[in-house]
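# A structural walkthrough
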Amino acid sequence: MKKVLILVCAILMVSSLSALALDRKKGDIAHGKKIFREQCKSCHNGKKAKKLTPAHKTRAQWKRYLKDNAKKLNRKHKRANVEVKLSEKDINDLWAFCYVGALDSEKPQTCD
Ligand code: HEC
C-alpha cells in the first residue's frame, strides 16, 4: 500500500514539473509569428480548417488554449484527428505573439 502511495506521489510530482508555466515574457514574438505562419496557417486558411489569426481571439481565449502545455489546443485538434507538435518554447513564443496580436490588443494581427 505504502509503495503504491509513493508511486502515486512520484507521478504527481513529475507531471506537475512537466506542466509548463505559460510565460509570454520568455516568449519570442518574432519566432511566434513564424510558427503561426508555418505551422498554423497551413491549415487555418479557411480551406482545411477555419481561418484563424491572433486577431480572431482575445488574450484570455489564447491563454486558455495555450496554458498547461497547450492542453485545450491539443484537445480541439485531437477531436479533428490533427496532431500539432509544439515544444515548450514554441508554446511560449506563440503565446507572446498571440498576446500582442489578439483581438483586444492595441494592434490585432491578421498574420497576412
Ligand atoms: C493539420 C491541420 C491543422 C494545423 C497544422 C493546425 N490546426 Fe488548428 N485546427 C484544425 C482543425 C481541423 C480544427 C477543428 C476544426 C476547426 O476549428 O476548423 C482546429 C481547431 C483549432 C482551434 C479551435 C478553434 C475554435 O474556435 O474552436 C484553434 C484555436 C486552433 N486550431 C489553433 C491552431 C494553432 C494555434 C495552430 C498552430 C500551432 C494550429 N491550430 C494548427 C487543423 C489544424
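Data block above holds the structure.
Since the structure is predicted, the reported quantities are computational estimates derived from the model, not experimental observations.

In the vicinity of the ligand, 17 residues are found, and the nearest of them are Cys40, Cys43, His44, Lys57 and His77. A distance of 2.9 Å separates an oxygen atom of the ligand from a polar atom in the side chain of Lys57. Tyr65 is positioned with one of its side-chain polar atoms (N or O) 3.5 Å from an oxygen atom of the ligand. Residue assignment for the shell around the ligand shows that the elements contributing at least two residues are α2 (29-40) and α3 (59-79).

Looking now at the coordination of the iron atom of the ligand. Geometry sets the ideal angles at a metal, namely 109.5 degrees for four tetrahedral donors and 90 or 180 degrees for six octahedral donors. Each protein donor to the iron atom of the ligand is listed here as His44 (NE2) and His77 (NE2); together their distances run 1.9 Å. In this structure, the iron atom of the ligand is coordinated by six donor atoms arranged in octahedral fashion, with angles at the metal of 87 to 179 degrees. Within this pair, whereas His44 is found in the loop between α2 and α3, its partner His77 is found in helix α3, the two being separated by 33 residues in sequence. Per residue, the accessibility class of His44 equals that of His77, and both read buried.

Another aspect to go through is the pattern of salt bridges. Taken as a whole and judged by the stated rule, the model has three salt bridges. Of the charged contacts in the structure, one is a salt bridge between Glu38 and Lys34, with a shortest N-O distance of 3.9 Å. Separated by four residues within a single helix, Glu38 and Lys34 lie in helix α2, roughly one turn from each other. Close ionic contact of Glu83 with Lys85 constitutes a salt bridge, the shortest N to O distance being 2.9 Å. You can call Glu83 exposed: its relative accessible area is 65%.

Now for unusual backbone geometry. We note that Asp68 has phi near 55 degrees; this positive angle belongs to a residue other than glycine. The exposure class assigned to Asp68 is partly exposed, which follows from its relative accessible area of 38%. Even without being glycine, Asn81 reaches a positive phi, approximately 60 degrees. Along the chain, the position of Asn81 falls in the loop between α3 and α4 (88-101).

About the criteria used
Residues numbered from 1 in each chain as written. Predicted model: local features only at pLDDT ≥ 70, side-chain atom pairs only at ≥ 80, totals over all residues. Heavy atoms only, no water. Near = heavy atom within 4 Å. Polar contact = N/O pair within 3.5 Å; in protein donor to acceptor, adjacent residues only side chain to side chain. Helix = DSSP H or I, 4+ residues; strand = E, 2+ residues; numbered from the N terminus. Donors = N, O, S within 2.8 Å, 3.2 Å for Na, K, Ca; no water. Tetrahedral: all angles 85-135°; square planar, octahedral: opposite > 155°, others 65-115°. Buried < 20%, exposed > 50% of the residue type's maximum accessible area, 1.4 Å probe, protein only. Salt bridge = Lys/Arg side-chain N within 4 Å of Asp/Glu carboxyl O.

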